[in-house]
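Take a look at the letters that make up each chain.
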Amino acid sequence: MRHILRNLGLYAFAAWASLTLNFLIPRLMPGDPASAMFARFAGQLQPEAIEALRQAFGFTDEPLLQQYFTYVGHLFQGDLGLSVAYFPAKVTDVIATGLGWTLLLSGVAVIIAFGLGSLLGVIATWRRGGWLDSVLPPVLIFLGAFPYFWLAMMLLYVLGLTFEAFPIRHAYSDTLAPAFSAEFILDVLQHMVLPATAIVIASLGGWMLNMRSTMVGVLAEDYITMANAKGLSQKRIMFHYAARNALLPNVTGFGMALGFVLSGSLLTEIVFSYPGQGYLLIQAVRNQDYALMQGIFLTITLAVLGANLLVDILYVWLDPRTRAR
């Protein structure tokens, strides 16, 4: 419990630092969203409107410290301001439309890559010297060297355009309306296949290699020799004694990997026009929508911190030594 509380304090500090930077960076940049929007609608807005836009976006002439406390107060009320790209929609409403799709795509892809990569690492090490141990790691590492979006474009061209095996754009068919039905869920899963496969292929080799490296050391431990001497089944020794202890470094890297995948999946979403955070971020950059960019970056940061906190709790459950500290 002390281990979790100590890390909880660190995560709270990291969250405060990220929201403070999120407040400062746009205000240190030249110009502001109100001026950008005024220029975008040149000739369609009266000059007096720019001051009203600054008020609406939270860019006032008040002292910076007062603006900061106002920003934090609005943040705790779930108010991230108005979006320029989707004006007059609120940033929270815009992000809510894309966050669910991104979490679904990235979450499923990371869990598959983590589970499959770790399992392959365990089996390859247990059957050391076999074809799984000799061929698969270098192939997966070679594929993992390519960026997510390049693999996404290859899958789109080969499986989407050439063979027409899977849908190539959007999260679901235009002929369907979102509903909790078997037809809609199956359609969503079909649209997820190509973008999720690109993310899984790019990250699978890393999980497998990390697991293999740890398993090699664990298999040389005395308690593995003792388990063999006691005549325990090979399946029990492999998963209960060796894999459980070798899994700890991979679990630690799970939270960090989620952050990398979230940032990497942004480009994958753009390739497949997937309506997640990546698509929203591109729209925000194109329209100089600082409020939306701030909201997306803050959402990603908090999601990564939350994932790391869950990993810490899982680590305490897996490793009894952390409970004794």
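Our structure is the block above this text.
Residues numbered from 1 in each chain as written. Predicted model: local features only at pLDDT ≥ 70, side-chain atom pairs only at ≥ 80, totals over all residues. Heavy atoms only, no water.

A look at the overall build of the chain
Per the secondary structure count, the chain includes 14 helices and 0 strands. Listed N to C, the secondary structure of the chain is α-α-α-α-α-α-α-α-α-α-α-α-α-α in terms of helices and strands. Here the chain, with 325 residues, has 42% of them falling under the buried criterion. Surface accessibility of the chain: about 17,700 Å² in total, with carbon and sulfur atoms responsible for 68%. (Helix = DSSP H or I, 4+ residues; strand = E, 2+ residues; numbered from the N terminus. Buried < 20%, exposed > 50% of the residue type's maximum accessible area, 1.4 Å probe, protein only. Areas by Shrake-Rupley, 256 points an atom, 1.4 Å probe, with all protein chains shown as cover.)

Observations regarding helix α4 (residues 64–76)
Compared with the 18 Å implied by 1.5 Å per residue over 13 residues, the 18 Å span of α4 between its first and last C-alpha is a close match. Of all the positions in α4, only Q67, Y68, Y71, V72 and L75 are classed as buried. Along α4, the residues classed as buried sweep out an arc of 135° about the axis, all on the same side. Exposed side chains of α4 directed beyond 90 degrees from the buried face belong to F69 and F76. After α4 finishes, the residue G78 shows a positive phi value of roughly 75°. (Expected span 1.5 Å × (residues − 1). Arc of directions from axis to C-beta.)

Some words on the packing of aromatic side chains
Counting across every chain of the model gives 8 aromatic pairs. Centre to centre, the rings of W101 and Y274 are 6.2 Å apart; their planes meet at 90°, and the pair counts as edge-to-face. Placement of W101 in helix α5 (residues 91–126) and of Y274 in the loop between α11 (234–271) and α12 (277–286) is noted, with a sequence separation of 173 residues between them. For the pair W101 and Y274, one class covers both residues: buried. A ring pair is formed by F146 and W150, whose centres lie 4.5 Å apart and whose planes are at 15°; its orientation type is stacked. Through successive ring pairs, a cluster of aromatic residues spans W101, Y172, F184 and Y274. (Phe/Tyr/Trp six-rings, centres within 6.5 Å; stacked < 30°, edge-to-face > 60°.)

Here we look at the nonpolar core
Ranked by size, the top nonpolar core spans 29 residues in total, and within it W101 and Y274 carry the most contacts. Those elements that provide at least two residues to this core are α5, α8 (148–162), α9 (182–218), α11 and α13 (290–318). Element by element, the count of residues in this core is highest for α9, at 10 residues. Setting aside residues no more than four positions away along its own chain, W101 makes contact with A171, Y172, F184, V188, Y274, P275 and G276. By size, the runner-up hydrophobic cluster in this structure holds 14 residues, among which are L281, A291, L292 and M293. (Core = buried A, V, L, I, M, F, W, Y, C linked by side-chain atoms within 4.5 Å. Contact = heavy atoms within 4.5 Å.)

A few points about the packing of helix α7 (residues 136–144) against α9
For the pair α7 and α9, the least separation of the axes is 7 Å and the interaxial angle reads 135°. Relative to α9, α7 is oriented oblique. Judged by the twist between their axes, the crossing of α7 over α9 is left-handed. On the side of α7, the interface is formed by L136, P137, L140, I141, L143 and G144, while α9 contributes I201, A202, L204, G205, G206, M208 and L209. (Axes fitted to C-alpha atoms, helices over the stretch in contact; angles between N-to-C directions. Parallel < 35°, antiparallel > 145°, perpendicular 65-115°, else oblique. Left-handed = near helix turned anticlockwise from the far one by under 90°.)

Regarding α12
Here α12 has its buried residues at Q277, G278, L280, L281, Q283 and A284. Q288 occupies a position one or two residues after α12 and carries a positive phi of about 50°.

Some thoughts on the pattern of salt bridges
Scanning all chains against the criterion turns up 1 salt bridge. With a closest N to O distance of 2.5 Å, D133 and R212 form a salt bridge. Of this pair, D133 sits in helix α6 (residues 131–134) while R212 is found in helix α9, placing the two residues 79 residues apart along the sequence. On the basis of relative accessibility, which here comes to 10%, the residue D133 falls in the buried class. (Salt bridge = Lys/Arg side-chain N within 4 Å of Asp/Glu carboxyl O.)

Description of the side chain of S118
Position of S118 relative to the elements: it lies in helix α5. In terms of polar contacts, S118 uses its side chain to reach the backbone carbonyl oxygen of F114, at 2.8 Å. Excluding anything up to four places from it in sequence, S118 contacts A113, W207, M211, L247 and N250. (Polar contact = N/O pair within 3.5 Å; in protein donor to acceptor, adjacent residues only side chain to side chain.)

Here's the deal with unusual backbone geometry
At E164, a residue that is not glycine, the phi angle is positive and equals roughly 50°. What makes E164 exposed here is its relative accessible area of 65%.

Considering the side chain of H191
By secondary structure assignment, the location of H191 is in helix α9. For H191, a relative accessible area of 5% puts it in the buried group. With sequence-adjacent residues up to four places away left out, H191 is seen in contact with P167, R169, H170, A171, Y172, S173 and Y274.

So, the environment of L310
Along the chain, the position of L310 falls in helix α13. As a C-alpha pair, L310 and F254 span 56 residues in sequence and 9.9 Å in three-dimensional space.

Re a nonpolar patch on the surface
On the surface, a nonpolar cluster with roughly 490 Å² of combined accessible area is contributed by F149, W150, M153, M154, L267 and I270. Ranked by residues supplied to the nonpolar patch, first place goes to α8 with 4 residues. Take M153: it is sitting in helix α8. (Patch = residues over 30% accessible without salt bridge, like charges linked within 9 Å, V, L, I, M, F, W, Y side chains within 5 Å.)

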